[in-house]
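Examining the three-dimensional arrangement
Here is how the chains run, residue by residue.
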Amino acid sequence: MTLTQLRYLVAIADSGFNITQAAERVHATQPGLSKQLKQLEDELGFQLFLRKGRSLEGVAPAGVKVIEHARRILAEAANIRSYAANERGEHRGRLLLATTHTQARYVLPPVIAELKRRYPQVSVDLFASGDAEVLDKLDEADFALISSAGGQPSSGGVAIPLYRWRRVLLVPASHPLAQLPGPPSLAELSRHPLISYESSKLPESSLQRAFAAVGAEPQIAMTARDANLIKTYVRAGLGAGLLAEMAVHTREDDDLRVIEAPAELPECITWAVVPRGRVLREYALALLQGLAPQLDPRDLRRVLEGNQEAEWPAAPRWSLPTPTAYA
């Protein structure tokens with residue numbers, strides 16, 4: 001049994017039992033991957049997957065536990081490599097970050113630019129998706145960035161509060177909401193169509209809960225994952241945009257009016273979620289501290305290694321980076 005065979009096994013499970021996709025995922029040939037799977041099954045003495053002809057259809061009962069153990073073995077092997085690289089002072093490698101479109105577009109550019117300046121031999125890969133999909137990539141990513149308006153996200157990983165932010169309304173200058181002397185109430189906002197993020201339609205979303213608490217219902221005219229799409233449809237006259245404050249402080253939005261959102265909408269916190277027990281490379285810790293300078297990297301490492309209870313400092317309000325941050 002080899003680590004390569006276990007890596008191929010997990011790749012097959014994560015590719016929906018598609019051998020071709022699994023081979024592409026691990027940069028192997030399809031015949032080579034199939035051969036390694038057969039050798040592993042021969043050694044174990046039973047089949048790991050259910051088959052129909054030459055196709056795989058699912059995990060065999062005996063394969064469930066094997067795949068669980070394979071994931072843990074591969075994670076620990078990766079930890080050993082990360083630990084060794086840190087001890088050698090090696091600062092090259094790959095950093096995979098799972099995040100939302102808003103964080104990727106409006107928060108991360110100056111932080112990643114600084115990371116690349118300090119660690120030019122590190123390649124950064126972003127997996128940007130909707131809120132519901134970010135944590136699905138946690139097994140592969142070094143860590144994930146996700147926002148919530150309630151408590152810390154449920155994940156099984158270590159959740160670290162980074163910064164707080166509020167939602168704002170974005171409307172054309174001629175919109176009725178732009179004529180109000182102050183932020184609208186939720187009751188006033190319920191009279192107007194809204195364009196917001198996909199999660200806004202979920203019954204458990206903070207938006208839906210806030211409206212329900214005042215006996216009102218939001219008119220969600222349209223949703224999108226990307227803030228730029230929300231802006232596009234605001235300009236098309238489909239409704240008022242409700243989006244993260246960091247998504248509207250750009251010159252291209254000068255034709256629109258930014259309005260404070262109703263005070264009843266709760267503040268949001270962006271969290272970093274790191275798989276429990278993960279040994280992070282030095283450059284991954286540097287990225288975390290770039291996002292949240294209030295964090296002590298020594299405390300981060302101790303908590304992630306399980307040697308200290310998490311007592312994080314209060315997350316500060318997000319602030320707009322200076323233009324020089326992009327230099």
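Each remark here, short or long, concerns the structure printed above.
Summarised in this report is the structure supplied together with it. (Residues numbered from 1 in each chain as written. Predicted model: local features only at pLDDT ≥ 70, side-chain atom pairs only at ≥ 80, totals over all residues. Heavy atoms only, no water.)

Moving on, we get to the packing of aromatic side chains. In total, this model carries two aromatic pairs according to the counting rule given. Here the aromatic rings of Phe 17 and Phe 49 are separated by 6.0 Å at their centres, their planes lie at 65°, and the arrangement is edge-to-face. You can see Phe 17 sitting in the loop between α1 (3-14) and α2 (19-25) and its partner Phe 49 sitting in strand β1 (residues 49-52), a full 32 residues away along the chain. With a centroid separation of 6.3 Å and 65° between ring planes, the pair formed by Tyr 119 and Tyr 283 is classed as edge-to-face. One end of the pair, Tyr 119, is in the loop between α5 (101-118) and β4 (122-129); the other, Tyr 283, is in helix α10 (residues 282-291), and 164 residues separate them in sequence. One cation-aromatic arrangement involves Lys 137 over Phe 127; the distance from NZ or CZ to the ring centre is 4.7 Å. (Phe/Tyr/Trp six-rings, centres within 6.5 Å; stacked < 30°, edge-to-face > 60°. Helix = DSSP H or I, 4+ residues; strand = E, 2+ residues; numbered from the N terminus. Lys NZ or Arg CZ within 6 Å of the ring centre and 35° of its normal.)

The N-to-C vectors of α10 and helix α11 (residues 297-304) enclose an angle of 120°; their axes lie 10 Å apart at closest approach. Taken as axis vectors, α10 and α11 run oblique relative to one another. By crossing handedness, the relation of α10 to α11 is classed as right-handed. Here Glu 282, Leu 285, Leu 288 and Gln 289 of α10 lie close against α11, whose contacting residues are Pro 297, Leu 300, Arg 301 and Leu 304. Residue classes in the contact of α10 with α11 are distributed as five nonpolar, one polar and two charged. (Axes fitted to C-alpha atoms, helices over the stretch in contact; angles between N-to-C directions. Parallel < 35°, antiparallel > 145°, perpendicular 65-115°, else oblique. Left-handed = near helix turned anticlockwise from the far one by under 90°. Contact = heavy atoms within 4.5 Å. Nonpolar A, V, L, I, M, F, W, Y, C, P; charged D, E, K, R; others polar.)

The five strands are arranged β9-β8-β10-β7-β11 in an open sheet whose pairing can be described as mixed. Single-partner strands in this sheet number two, and they are β9 (219-224) and β11 (256-260). Sheet twist, expressed as the average angle between the axes of neighbouring strands with direction ignored, equals 30°. Note: strand β7 (residues 167-172) against strand β10 (residues 240-244), four bridges, orientation antiparallel. For Leu 170, the partnering residue across the bridge sits in β10 and is Gly 241. (Pairing = 2+ DSSP bridges.)

Summarising the element assignment, His 192 is placed in the loop between α7 (186-189) and β8 (193-197). Since its relative accessible area comes to 17%, His 192 is described here as buried. With residues up to four places along the chain from it excluded, the contact list for His 192 reads His 175, Pro 176, Leu 177 and Gln 219. (Buried < 20%, exposed > 50% of the residue type's maximum accessible area, 1.4 Å probe, protein only.)

Now for the pattern of salt bridges. One pass over the full model with this rule turns up 17 salt bridges. The structure contains a network of salt bridges with shared partners spanning Arg 164, Glu 245, Glu 267 and Arg 317. (Salt bridge = Lys/Arg side-chain N within 4 Å of Asp/Glu carboxyl O.)

Another point: the packing of α5 against α10. At their nearest, the axes of α5 and α10 sit 10 Å apart, and the two run at 140° to each other. Classified by the angle between their axes, α5 and α10 sit oblique to one another. Judged by the sense of rotation from one axis to the other, the crossing of α5 with α10 is right-handed. Touching Val 107, Leu 108, Val 111, Ile 112, Leu 115 and Arg 118 of α5 are Tyr 283, Ala 286, Leu 287, Gly 290 and Leu 291, all from α10.

Once that is clear, we can look at the sheet that holds strand β12 (residues 268-274). If you trace the five strands from one edge of the open sheet to the other, you get β4-β3-β5-β12-β6, paired in mixed fashion. Two strands bound the open sheet, and with one partner strand each, they are β4 and β6 (158-165). Mean inter-strand twist for the sheet, computed between neighbouring axes without regard to direction, equals 20°. Pairing geometry for β6 and β12, over seven bridges, is antiparallel. Bridge assignment links Tyr 163 to a residue of β12, and that residue is Thr 270.

Glancing now at helix α9 (residues 227-235). Among the residues making up α9, those that are buried are Ala 227, Ile 230, Lys 231 and Val 234. Looking down the long axis of α9, one finds its buried residues gathered within 100° of arc, a one-sided arrangement. Of the surrounding secondary structure, the elements contacted by the buried residues of α9 are α5, β7, β8, β9, β10 and β11. Residue Asp 226 occupies the N-cap position of α9, its side-chain oxygen lying 2.6 Å from the main-chain nitrogen of Asn 228. (Arc of directions from axis to C-beta. Polar contact = N/O pair within 3.5 Å; in protein donor to acceptor, adjacent residues only side chain to side chain.)

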